[in-house]
Structures are given as C-alpha cells and as structure tokens.
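# A look at the structure
Letter by letter, the chains look like this.
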Amino acid sequence: MVGICLLGLLLTALATWAVARADKNTEQRLLQTQTRQAAAVLSTAIITIQQPMAAALDVQRAVGPPRAAKAFTRVFSGSVGADRPFLSASLWHRDGDSFTRVASLGAASSLDPRGSHIQDFLDHASTSGTPFVVRQLTVGDQSRIAYAKSDSVTGFVVYAERAIPADRRAPVDRDSAYVDLDYAIYIGSAAGTDTADMTTTDVDPASLPLTGTTAQATVPFGDTVLTLATRPRTHLGSNLSQRLPWFLLLGGLLLTLALALVARQLTRSRQRAESDTETITTLYQRVDTLYGEQRALSVRLQRALLPQVNPGIPGMEVSSEYVAGAQGIDIGGDWYSAIAVGEETFAFVVGDVSGNGIDAVAEMARARFTLRAYLFDGDGPATALEKCSRQFDIATDGHIITALVGVGSWRTGEITVANAGHPLPLLVSGPETSFVPMPVGLPLGAGPTGYDSATFSMPLGATLIAYTDGLIERRAETIDTGMSRLLETVPCLAARPLDAFVGELLTSMRDESSTDDIAVLALRRVSR
C-alpha cells in the first residue's frame, strides 16, 4: 500500500509539474508576443515626437536665416504648451564653435541657455549622426526629457523639452496593446537596474524592478534606446490551461487515495480469507485497471501538449513541418492536420488565416477544430467547408481563411478534396509531377457559400504535398513564378525519405527574407 501511494503521488507530481511548466512556457511566449506589440506602439509614439522637430528644420531650409525666428515660431508653436507634446522649445544656429539661440517658445529651459551644458548637448546633436539625441533632466521635483535635432546643411538645431508626468503615466499606455500588462519604460538598455533611468510606468515605482514572469523589448530612441519591461496583470492564456495543474493535482490525489483504500481493503481481505483466490484476483484486477487508467490519462495528456505529432495512418507515411516567417513572429495563422477518420479512411486539412498575432491564432484554432469536428462526424470535404463557412465573417472577425480539405482511402488511394481559396496541392507519381486540378471556392470569411469537390487517385509510391502560400510566394514575383519553381524543385527531391523530403523542400523553397509563415503536410502511399 505504501508503494502504491508513493507511486501515485510521484506520477501526480510529475504530471502536474509538466502541465504547469507547459502553461508557464505558453504564458512567457504570449507575454513576449504582446510585449513586441506594445513596443511597436511605443515606436509610433516616438515618431510623433520627432516629426515637429524635423518639420521645423525643413522650414528653415526653405526660408533661410533672415526669417528663421518667425518661421520657427509659426511652425512649432502648436507643439508647445501645457497639454501639448513639449513644455519648451528653442531654435539655435551654429556660429563657429558655439551656438546662438535664435528663438524660443514655452516655459524656461532646464539648461541655462548661456551655460556650457546646453552647448555641449547641441554640439553632440550636430555630430552624433543619429536622427536626434536625448538626455534626461531633473528640474526640482519634475523630470524632463531633452531632445535636440540638427540640420548639417543649414547649421540650425532644434532643442525641445518634454515633461515626464508626475504619475509616470503616458498616453502610449492607453493603447490596447498595454491593456493586460504592467510595464516600466527606461532610457538605455540596462532595464531594471536603476529607477533613475525610468521614464514612465503604471505601477508604484517603489515596487520596481518588475519581478516574476517578465519580458523586455528595446526600441531605437535617438542616440540611445528605450527598454520596455513588462509583466502580465492577469493570466494571458486560457482559463483551462491555468487551472489544469490544480485539476490534475486534485484528481491525482483522489485517485491515489482511492488506490490506497483499495490496497488497504485487499490487505484486510487477504488476511481474513487467504483461500478466497477469486476475490483477491478480482480486487487486484481492479487495482490494475485503475493504474492503467491513470497511465492512459498521462499518455493522452502528453499528446494533448504535443499537438504537432502526426497520427499513424495504415498504408500511409505522414510528415509535416511548420516554419515561422523570418521577421515574424514564431506562431502564425498557418496550420495543418491529419486524422484517421475510420478503419480505411483518413482526412487532412491545410489552412492559412490572414494576418498574424493573437487574433489570427485564435481564428486558426477555431477553424481547425471546427473542420476537425465536421470531418470526424463523417462530413465530406465540400460539406465540411460549407458548414464551416457559416461560422466566419471577415466583416466581424477581421480575417479571411483559406483551407484545403481532403478525405481519402488508404486502401484504394482515392482522395476527394475541396478547396476554399487555397493553393493547389502537388502530386508526385513516378516521373510525373503535377498540380491536382480542382474547383477553387471562396475563402472562409467571405460569406456563406457552397463548394464543389474533386476526386483523384493516388497510386502506390505517390506523394501528395499540401502547403500554405508562404512556400511559393516571394516579393516582386507573381504566384505563377512560385508555383513553377515548386514544380521544378519537387522532382529532384522526391526519392528522399518523406521526412528528409519535407525538410529539404523547405530549405530549397524558403525565402529567408519572407515574413510569411510556411506549413507543409506530405502524404505518401506506401501500401494497400
């Protein structure tokens, strides 16, 4: 009994730890994705700071020194004030080794206009080679950020100061990208080491640096960088993934307790009736059944955590691969799926959701599981697509979805397919390589519609390749060029084992500069 308890507790602890770790890794990836989105919003905010300064210098090129002061006042006055981007601004002109102030607007500058500090700062702006230069200043109990942008042609330099809000809040965090994040923004790359470098945050500065699950992203900021440090306010993943470790722990403890009680009863029964072999055997069978159910639960849980494992389909080899775009981000809206539907029937789906990010991933999951459900119910490809098309609308979802759905028999090699705006699959049979002809219907999301199906035969040894458009699309090329390149590449690799074939196909076809994801699913008929 002690051994069963120890084994049950060990299995429960290991399974709970594995699920909790998987949830933590997923949470970290979601946080990194949202942090990159928040950093993109921050980059846009920096552009709005730089634009008035650049516009003022452009005007100086046009009007020349005689009208510099009036032109600067007219152009920049709309950007200076209590509720405007800058508290103060001034125009300077290089005069030999020093700078002379030509015009000023707004509150008094933090730096003495006659002092050496502002002269050094303006000289740095003229020689740095960056779009603008930045310095953090302290005026009493108020912090400010000073900016300087120069024009090497005219010798003019715009100097401006922006107040850091007393509550350390900035308009940038009103964007939806920040809604689930605690954040702190620092000037420089050493985030979290010195609160003196912090510009804005939405938490009590005394609680910094952020701890726990955190992520960072840097954004170019003149001659330095802004470092965005984030922490999730709530669980970013699904409620199920957050609660599953506790459900598993509770279930494991209850199951272990049940096993312990059964073992205790077996021991007592054995002591009372050594001769009752049948009863003891039955009880041990119950213990074995409970143990087997716990082991089966662990196996199913492992497979649920590894959704990219290909199923075993009799008579067929299956290989798949997903590659994130070079700049994209690592998950996207592309997906593939292969399932065994019946004793002789299998189904497969390859699809692509427009756009990227969390919304695209959510739409991908909805489309993937919707189609799987219809196929498991026995619907054919055209019927499954038609039913699925009623679930999506680009006007409300913001995405369109292309999908190729196929249902086939591994014994006969006959495959029926339906296409919702997706690239045609490629069939390799002996020396012949060709795209499978079929009617192509509207993508999902374009409105409820019907779909036509096509049926073709897949001989023994033949390979069917389904893919998303990232495999064939390149910038400055037509889609026909990419399809021709695929048609030329596949025959050279067709003799390889299927896993090697898929890997080398991606290596040969992938454009390293592409931002689009690629999903490839290959099926090879090896027996009947």
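Report on the accompanying structure. Predicted model, so just to flag it, every value in this text is computed and none were measured. (Residues numbered from 1 in each chain as written. Predicted model: local features only at pLDDT ≥ 70, side-chain atom pairs only at ≥ 80, totals over all residues. Heavy atoms only, no water.)

### Regarding the overall build of the protein chain
Regarding its fold elements, the protein chain presents 10 helices and 20 strands. A total of 528 residues make up the protein chain; the buried ones form 45% of that total. Looking at the protein chain as shown, the accessible area adds up to about 26400 Å², and 53% of this sits on carbon and sulfur atoms. (Helix = DSSP H or I, 4+ residues; strand = E, 2+ residues; numbered from the N terminus. Buried < 20%, exposed > 50% of the residue type's maximum accessible area, 1.4 Å probe, protein only. Areas by Shrake-Rupley, 256 points an atom, 1.4 Å probe, with all protein chains shown as cover.)

### Some details on helix 2 (residues 68-76)
Residues lying three or four places apart along an α-helix face the same way, a consequence of the helix completing one turn every 3.6 residues. Three or more residues of helix 2 are buried, namely Ala68, Ala71, Phe72 and Phe76. With its buried residues spanning 105° around the axis, helix 2 presents them on a single face. Seen from the open side of helix 2, the exposed residues pointing more than 90 degrees away from its buried face are Lys70 and Arg74. (Arc of directions from axis to C-beta.)

### Focus: unusual backbone geometry
The phi angle at Ala476 is positive, at roughly 65°, despite the residue not being glycine. Examined against the element boundaries, Ala476 turns out to sit in the loop between strand 19 (463-467) and helix 9 (479-493).

### A few points about the nonpolar core
By size, the foremost hydrophobic cluster in this structure holds 40 residues, and its most contacted members are Phe72, Phe76, Phe86, Tyr147 and Val158. Ranked by the residues each element gives to this core, the list is headed by helix 1 (residues 2-63), at 11 residues. For Val158, the contacting residues outside a window of four places in its chain are Met53, Ala56, Leu57, Phe72, Phe76, Ser90, Leu91, Tyr147, Ala148 and Lys149. Of all hydrophobic cores here, the second largest spans 26 residues; its members include Phe348, Val350, Ala454 and Phe456. (Core = buried A, V, L, I, M, F, W, Y, C linked by side-chain atoms within 4.5 Å. Contact = heavy atoms within 4.5 Å.)

### Quick notes on the sheet that holds strand 8 (residues 215-221)
What the 4 strands build is an open sheet, ordered 7-6-9-8; its pairing is antiparallel. One side of each edge strand has no neighbouring strand; the edge strands of this open sheet are strand 7 (198-201) and strand 8. Strand-to-strand twist in this sheet, taken as the mean axis angle between neighbours without regard to direction, amounts to 20°. Here strand 6 (residues 181-187) runs beside strand 7; their pairing, made up of 3 bridges, is antiparallel. By the bridge assignment for strand 7, Tyr186 is matched with Met198. Packed onto the sheet, helix 1 meets strand 6, strand 8 and strand 9 (224-232) and runs at close to 20° relative to strand 8. (Pairing = 2+ DSSP bridges. Axes fitted to C-alpha atoms, helices over the stretch in contact; angles between N-to-C directions.)

### Focus on the side chain of Ser88
Mapped onto the elements of the fold, Ser88 is located in strand 1 (residues 88-95). You can call Ser88 buried: its relative accessible area is 4%. Beyond its immediate stretch of four places on either side in the chain, Ser88 contacts Val80, Leu105, Gly106, Ala107, Ala108, Ser109, Tyr159, Ala160 and Glu161.

### Things to note about a nonpolar patch on the surface
Residues Leu250, Leu254, Leu257 and Leu261 make up a contiguous nonpolar surface patch of about 400 Å² in total accessible area. Along the chain, Leu254 turns up in helix 4 (residues 239-272). The exposure class assigned to Leu254 is exposed, which follows from its relative accessible area of 52%. (Patch = residues over 30% accessible without salt bridge, like charges linked within 9 Å, V, L, I, M, F, W, Y side chains within 5 Å. Salt bridge = Lys/Arg side-chain N within 4 Å of Asp/Glu carboxyl O.)

### Some thoughts on the packing of aromatic side chains
Following the criterion strictly, the structure yields 7 aromatic pairs and no others. The interplanar angle of 80° and the centroid separation of 6.1 Å between the aromatic rings of Phe86 and Tyr147 together place this pair among those described as edge-to-face. In this pair, Phe86 is assigned in the loop between helix 2 and strand 1 and Tyr147 in strand 4 (residues 142-150), connecting sequence segments 61 residues apart. On the accessibility criterion, Phe86 (0% relative accessible area) is buried. Taken together, the ring pairs connect Phe72, Phe76, Phe86, Phe132, Tyr147 and Phe221 into an aromatic cluster. (Phe/Tyr/Trp six-rings, centres within 6.5 Å; stacked < 30°, edge-to-face > 60°.)

### Regarding the side chain of Thr256
For Thr256, the location among the structural elements is in helix 4. For Thr256, a relative accessible area of 5% translates into the label buried. For Thr256, the contacting residues outside a window of four places in its chain are Cys5, Gly8, Leu9 and Thr12.

### So, helix 6 (residues 358-376)
Given a rise of 1.5 Å per residue, 19 residues ought to cover 27 Å, and the 27 Å separating the end C-alpha atoms of helix 6 matches this to within 8%. All buried positions along helix 6 are accounted for by Ala360, Glu363, Met364, Ala367, Arg368, Thr370, Leu371, Tyr374 and Leu375. Buried-residue contacts for helix 6 involve strand 11 (334-340), strand 12 (345-353), helix 7 (381-389), helix 8 (394-397) and strand 13 (401-409). Remark: Gly378 follows helix 6 within two positions and exhibits a positive phi of approximately 100°. (Expected span 1.5 Å × (residues − 1).)

### So, the pattern of salt bridges
Under the defined criterion, the tally for this structure stands at 13 salt bridges. For Glu344, the salt bridge is made with Arg411, and the minimal N-O distance between the two is 2.9 Å. Residue Glu344 is found in the loop between strand 11 and strand 12, and its partner Arg411 is found in the loop between strand 13 and strand 14 (414-420); the two are separated by 67 residues along the sequence. On the accessibility criterion, Arg411 (40% relative accessible area) is partly exposed. The partner of Asp397 in a salt bridge is Arg366, and the shortest N-O contact between them spans 3.3 Å. Highlighted residues: Asp397 in helix 8 and Arg366 in helix 6, separated in sequence by 31 residues. Judged by its relative accessible area of 22%, Asp397 falls in the partly exposed class. Taken together, the shared-partner salt bridges connect Asp182, Arg231 and Arg233 into one network.

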